[in-house]
Amino acid sequence: MKSVEFCQDGLSMRVSQDDRSDQLLLSLDREGSPGEARFRCSFDDLLATSLGLTFQVVNDTGHIMIVPEGPQIKIQFTSTAAGSSGCLLGRSEFAEKLAVLRPESV
Amino acid sequence: MRDDRRPTILLVEDNPDEESMVMRAIRRSPITCQLLVAHSTDEALGILHGQGEFASLHPVHPDVIVTDLRVAPLGGADLISAVRNDDRTRLIPIVVLSGAATNREIEELYRRGANSFLDKPLDFEDFATTITRTARYWATLNTTAAAARQSSARAFYPL
């Protein structure tokens, strides 16, 4: 199962392929905090953020919001277990790393 | 029949303050959902039809499109026409939000195929309530036509 990890400012976001579907699993946790927030979304919807769309998923583990800010994207998440955190990533860096997770059927 | 996908809402809004209000309202609501925000009608049609910058992606077929009436460059009315005139998207429900629409404009929106028109309350609490009720109805209670869901069936499964 392929996965990529984005670490910035004490926030770690792991994005991995789901072997049960063509979905991606997003796991976020903050350094020093217990628990993690977990979300599921499609590759295309996540990649759309690098093209300028804002993305938010809310579920019972918390919420994640990805907001474009010029050449960067801001990732903010709140986990019910670990509180709020956020970081900035380059849009192109995000898209390039994410590309390895593109479903093979695409 | 509804399936067990997580509902997805496409918001078309070019005012950052109002986008932020919708995000906050959805975040604190008890609804489990995904929100995609397009900041122009061009972005919205790009993601819906898989064109322009979004050509390399599968088109997104949300459970509902919520659009501001005066979003640039087309405006909500022309966005409705573009969605209704394309077989891939014509069945997707569309809700229009505005703080200042005339009766004539509202009539025109319905004529073009809007499913609902909502006044934007000025007060955040009222606004949040309106958004939450709208999201709950269109994303969790309403059943869209099977053809509208087909393209997005891949999109969401329970975590």
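As the structure is a computational prediction, the values presented were derived from the model and not from experiment. (Residues numbered from 1 in each chain as written. Chains lettered and ligands numbered in written order. Predicted model: local features only at pLDDT ≥ 70, side-chain atom pairs only at ≥ 80, totals over all residues. Heavy atoms only, no water.)

A.B. asks: Any chance you could explain the interface of chain A and chain B here in plain terms?
C.D. replies: Accessible area lost when the parts come together is the quantity often used to give the size of an interface. Contacts between chain A and chain B engage 28 residues on the former and 28 residues on the latter. For the pair chain A and chain B, the summed buried surface comes to about 2,400 Å²; carbon and sulfur atoms form 57% of the total. Among the residues chain A hides against chain B, the three largest losses belong to Leu51(A), Leu53(A) and Gln56(A). Together they make up 26% of the total. Here chain A is connected to chain B by 0 salt bridges. Inspection of the chain A/chain B interface yields 10 residue pairs in polar contact (both at pLDDT 80 or more). The set of elements that each furnish at least two residues to the side of chain A that touches chain B consists of strand S3 (23–30), strand S4 (37–42), helix H1 (43–47), strand S5 (54–59) and strand S6 (62–69) of chain A. Per-element tally for the side of chain A that touches chain B: the top contributor is S5(A), with 6 residues. Split into classes, the residues belonging to the side of chain A that touches chain B amount to 13 nonpolar, 8 polar and 7 charged. The sheet contact formed by S5(A) and strand S2 (residues 33–38) of chain B spans 5 bridges and is antiparallel. Across the sheet, residue Thr54(A) finds its bridge partner in S2(B), namely Val37(B). (Contact = heavy atoms within 4.5 Å. Buried area = accessible area lost by both parts, 1.4 Å probe. Salt bridge = Lys/Arg side-chain N within 4 Å of Asp/Glu carboxyl O. Polar contact = N/O pair within 3.5 Å; in protein donor to acceptor, adjacent residues only side chain to side chain. Helix = DSSP H or I, 4+ residues; strand = E, 2+ residues; numbered from the N terminus. Nonpolar A, V, L, I, M, F, W, Y, C, P; charged D, E, K, R; others polar. Pairing = 2+ DSSP bridges.)

A.B. asks: So what exactly am I meant to see when it comes to the side chain of Thr41(B) here?
C.D. replies: Residue and element names in this part refer to chain B. Mapping Thr41 onto the fold places it in helix H2 (residues 41–49). By relative accessible area, Thr41 is classed as buried at 0%. Setting aside its immediate chain neighbours within four residues, Thr41 contacts Val12, Val71, Ala72, Pro73, Leu74, Gly75 and Leu79. (Buried < 20%, exposed > 50% of the residue type's maximum accessible area, 1.4 Å probe, protein only.)

A.B. asks: What am I meant to see in the sheet that holds strand S7 (residues 72–79) of chain A here?
C.D. replies: Read across the sheet, 9 strands follow the order S8(A)-S7(A)-S6(A)-S5(A)-S2(B)-S1(B)-S3(B)-S4(B)-S5(B) without closing on themselves; strand pairing throughout is mixed. Each end of this open sheet is capped by a strand with a single partner; those strands are strand S8 (83–90) of chain A together with strand S5 (116–119) of chain B. Here the strands of the sheet are splayed against their neighbours by 15 degrees on average, with no regard to which way each runs. Relative to strand S3 (residues 64–68) of chain B, strand S1 (residues 8–12) of chain B runs parallel, the two being bridged by 4 bridges. When the sheet's bridge partners are listed, Val12(B) is paired in S3(B) with Thr67(B). Each of S6, S7 and S8 of chain A is contacted by helix H2 (residues 91–99) of chain A, which is oriented at about 95 degrees to S8(A), the strand it contacts most. Across the sheet, H2(B) touches S1, S2 and S3 of chain B, and the angle it forms with S1(B) is around 150 degrees. (Axes fitted to C-alpha atoms, helices over the stretch in contact; angles between N-to-C directions.)

A.B. asks: Looking at this structure, how should I read the confidence of the model for chain A?
C.D. replies: Keep in mind that low pLDDT regions are not for reading the predicted coordinates in detail. Per-residue pLDDT for chain A averages 85, and the proportion of residues at 70 or more is 94%. When the elements of chain A are averaged for pLDDT, S8(A) gives the smallest value, 83, and H2(A) the largest, 92. (pLDDT = per-residue confidence, 0-100.)

A.B. asks: Any chance you could explain the packing of aromatic side chains here in plain terms?
C.D. replies: Aromatic ring pairs are described here by two measures, namely the spacing of the ring centres and the angle between the planes. By the definition in use, this model includes 2 aromatic pairs over all chains. Judged by centre distance (5.1 Å) and plane angle (40 degrees), the rings of Phe6(A) and Phe94(A) are tilted. Residue Phe6(A) is located in strand S1 (residues 3–8), and its partner Phe94(A) is located in helix H2; the two are separated by 88 residues in the primary sequence. The burial state of Phe6(A) is the same as that of Phe94(A); both residues are buried. Between Tyr137(B) and Trp138(B), the aromatic rings sit 5.0 Å apart at their centres with planes inclined by 90 degrees, giving edge-to-face as the arrangement. Take Tyr137(B): its relative accessible area is 40%, and that puts it in the partly exposed class. The aromatic ring of Phe6(A) is capped on one face by Lys97(A), whose charged end is 4.8 Å from the ring centroid. Sitting above the plane of the Phe124(B) ring, Arg24(B) keeps its charged end 4.0 Å from the centroid. (Phe/Tyr/Trp six-rings, centres within 6.5 Å; stacked < 30°, edge-to-face > 60°. Lys NZ or Arg CZ within 6 Å of the ring centre and 35° of its normal.)

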